[in-house]
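# Tertiary structure, described
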Amino acid sequence: PNATLTMSVDFWDVERTGVVTVPSAQSLVSQFFNTPLGGLPPGVQVNIDPTTNTANFVKSGFENSGRQRARGIDMSLQYQFQTANWGTFTWSNDWTYLDSFLFQLNGAAKTHEVSGRTNNDPFEGAFFGQVTIGDGWLKWKGISRLTWDWNNFDLSIAGRYNDGFREERTQKFGINGAPTPGNVPIEHWIKQRFFFDGQLSYTLLFTQPVEEHPVAG
């Protein structure tokens, strides 16, 4: 038997500043209602339907966003065991841990820690995608897989883990927990998920026959 152990750990720290983006439509509408008439930045236009008092047209240009800084660890571990009669067994693991993710929408906005949170909190707007369809900046995420290879057979069983995360609901509590709507955010926990899957395959090999005594022409 022949065994091999491979392990790697990668520590990373990435920072971005001044990313070019487009403000979300909702943030521009909110800014319009909270700003005196004529106080919108140059290039920003919000048209309001006088009948419904809702926005029916929003126009804006590009802007430089604030700062993003992410820090974490990527880990990989693989153990492979080769036998003479029973094929090769491989156990592999790939995991990542997001220690911190600092997000600032623009230079004048507050910096938020979004590691372990959704990517569509109110302070993020549509920066990372649609406001109504959010994902999460997971603290932990990984996959562990066990594979067996023998005589063109390949059997694989995998387990995947996605960590839970928090999100801020649009509905807010009143002061001192009053049931009436207020300004106190409501935090909601999205629990972690485990996924398991398996795969069995067989590889067909075909070798084209070759004439022992080829005939010319």
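Residues numbered from 1 in each chain as written. Predicted model: local features only at pLDDT ≥ 70, side-chain atom pairs only at ≥ 80, totals over all residues. Heavy atoms only, no water.

## A look at the overall build of the protein chain
The secondary structure content of the protein chain amounts to one helix and 13 strands. Starting at the N terminus, the α and β elements of the protein chain follow one another as β-β-α-β-β-β-β-β-β-β-β-β-β-β. Scored against the burial criterion, the 217 residues of the protein chain give a buried share of 23%. Once local pairs closer than 6 in sequence are excluded, the contacts in the protein chain between residues at least 24 apart make up 57%. With the model as given, the accessible surface of the protein chain reaches about 15,300 Å², and the carbon-plus-sulfur share is 57%. (Helix = DSSP H or I, 4+ residues; strand = E, 2+ residues; numbered from the N terminus. Buried < 20%, exposed > 50% of the residue type's maximum accessible area, 1.4 Å probe, protein only. Contact = heavy atoms within 4.5 Å. Areas by Shrake-Rupley, 256 points an atom, 1.4 Å probe, with all protein chains shown as cover.)

## Brief notes about the packing of aromatic side chains
Tallied over the entire structure, the rule returns eight aromatic pairs. Consider the rings of Phe89 and Trp148, whose centres lie 6.4 Å apart with planes at 20°: the pair is stacked. Within this pair, whereas Phe89 is found in strand 7 (residues 88–103), its partner Trp148 is found in strand 9 (residues 140–150), the two being separated by 59 residues in sequence. Taking relative accessible area as the criterion, Phe89 reaches 35% and is therefore assigned partly exposed. Geometrically, the ring pair formed by Phe101 and Trp137 is edge-to-face, given 4.9 Å between the ring centres and 90° between the ring planes. In this pair, Phe101 is assigned in strand 7 and Trp137 in the loop between strand 8 (112–113) and strand 9, connecting sequence segments 36 residues apart. (Phe/Tyr/Trp six-rings, centres within 6.5 Å; stacked < 30°, edge-to-face > 60°.)

## Looking at the nonpolar core
Within the largest apolar cluster, five residues are counted, these being Ala70, Leu98, Phe101, Phe103 and Val114. In terms of residue count, the dominant contributor to this core is strand 7 (three residues). Ignoring sequence-local partners within four residues, the contact set of Val114 consists of Phe101, Phe103, Phe123, Glu124 and Trp137. (Core = buried A, V, L, I, M, F, W, Y, C linked by side-chain atoms within 4.5 Å.)

## Things to note about the pairing of strand 9
In terms of strand pairing, strand 7 meets strand 9 through 10 bridges, oriented antiparallel. Looking across to strand 9, one finds that Asp94 is bridged to Ile143. Here strand 9 folds back onto strand 10 (residues 153–162), and the loop between the two strands holds two residues, one of which, Asn151, carries a positive phi near 45°. (Pairing = 2+ DSSP bridges.)

## Some details on the side chain of Thr147
Mapped onto the elements of the fold, Thr147 is located in strand 9. The class for Thr147 is buried, based on a relative accessible area of 13%. If near-sequence neighbours (up to four positions away) are discounted, Thr147 is found in contact with Thr88, Phe89, Thr90, Asp154, Leu155 and Ser156.

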